[in-house]
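Structural overview
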Amino acid sequence: MKRKLIIIAATAAAALALVGCNDAEVASRNLSTDADNFKIPRRVVFINGITDKYALEIEGYCSIETRESKIAGAVEVTCKTGPGLYKKHSMGLSDNMTFVAEQLDPAAVSADHYKLTYKPTVIIPHLENTSGD
């Protein structure tokens with residue numbers, strides 16, 4: 001019962017957050033959802049603004065997360081390399097380091113309907129014993 005209430009509350013919150021969006025916002029959100037679920041290939045390039053050279057280039061089915069700290073920003077790129085196989089790359093951003101993310105292939109997503117992805121494994125987490133026993 002508690003799990004059902006959590007799912008209903010999460011669905012309602014997501015629906016309320018998306019009310020009033022236009023077609024482009026819906027399509028953009030659906031593209032981001034698919035990309036974060038490793039369904040859309042991307043190329044992520046980190047560029048040194050002083051030398052105009054690439055510092056790092058990552059290509060594949062990747063999810064991108066940016067975050068800010070007190071010193072500078074950071075980008076974490078997690079890529080799916082095979083069934084159940086992932087690689088994570090991190091790059092610090094500064095006043096002379098930036099990045100560009102490019103979607104490599106077009107993707108069919110709805111501009112009329114929001115995409116919600118339920119992952120039962122996230123609702124019911126897998127617990128792992130790390131005590132060495």
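Residues numbered from 1 in each chain as written. Predicted model: local features only at pLDDT ≥ 70, side-chain atom pairs only at ≥ 80, totals over all residues. Heavy atoms only, no water.

Strands sit in the order β4-β3-β2-β1-β5 across an open sheet of five strands; the sheet is antiparallel. The open sheet terminates on both sides in strands that have one partner only, identified here as β4 (85–93) and β5 (97–103). Between one strand axis and the next, the sheet turns by 45 degrees as a mean value, whatever way the strands run. Relative to strand β2 (residues 53–68), strand β1 (residues 41–48) runs antiparallel, the two being bridged by eight bridges. Paired with Arg42 across the strands is Gly60, a residue of β2. Here helix α2 (residues 23–36) sits on the sheet in contact with β1, β2 and β5, set at roughly 110 degrees to β2. (Pairing = 2+ DSSP bridges. Helix = DSSP H or I, 4+ residues; strand = E, 2+ residues; numbered from the N terminus. Axes fitted to C-alpha atoms, helices over the stretch in contact; angles between N-to-C directions. Contact = heavy atoms within 4.5 Å.)

To continue, consider the state of the cysteines. Applying the stated criterion across every chain yields a total of one disulfide. Here Cys62 is linked by a disulfide to Cys79, with a sulfur-sulfur distance of 2.1 Å. Handedness here is read from the sign of the S-S torsion; for Cys62 and Cys79, about 100 degrees, the answer is right-handed. Pair noted here: Cys62 is in strand β2 and Cys79 is in strand β3 (residues 73–82), with a separation of 17 residues, a long-range link. (Disulfide = S-S within 2.5 Å.)

Once their charged atoms are close, side chains differing in charge can pair, the charge on each being opposite to the other. Taken as a whole, this structure holds five salt bridges when the rule is applied. Residue Arg43 pairs with Glu102 through a salt bridge whose shortest N-O separation is 2.8 Å. Separated by 59 residues along the polypeptide, Arg43 in strand β1 and Glu102 in strand β5 bring together distant segments of the chain. Arg43 sits in the partly exposed class, given a relative accessible area of 24%. (Salt bridge = Lys/Arg side-chain N within 4 Å of Asp/Glu carboxyl O. Buried < 20%, exposed > 50% of the residue type's maximum accessible area, 1.4 Å probe, protein only.)

For α2, which comprises 14 residues, the first-to-last C-alpha distance of 20 Å matches the rise-based estimate of 20 Å (1.5 Å per residue) to within 8%. Those residues of α2 that sit buried are Val26, Ala27, Asn30, Thr33, Asp34 and Ala35. Packed against the buried residues of α2 are β1 and β2. At the N-terminal end of α2, a side-chain oxygen is found 3.1 Å from the backbone nitrogen of Ala24, two or three residues along, and the residue is Asn22. (Expected span 1.5 Å × (residues − 1). Polar contact = N/O pair within 3.5 Å; in protein donor to acceptor, adjacent residues only side chain to side chain.)

Here we take up unusual backbone geometry. Its identity as a non-glycine residue notwithstanding, Phe38 has a phi of 60 degrees, on the positive side. The backbone phi angle of Asp52 is positive, close to 60 degrees, even though this residue is not glycine. Here Asp52 lies in the loop between β1 and β2.

In this structure, Val44, Phe46, Ile58, Cys62, Ile64, Val75, Val77, Cys79, Met91, Leu93 and Met97 together form the largest nonpolar core, which totals eleven residues. Contributing elements (two or more residues each) for this core: β1, β2, β3 and β4. Setting aside chain neighbours within four positions, we find Cys62 in contact with Ala35, Phe38, Ile40, Arg42, Val77, Thr78 and Cys79. (Core = buried A, V, L, I, M, F, W, Y, C linked by side-chain atoms within 4.5 Å.)

Keep in mind these values describe shape, not function.
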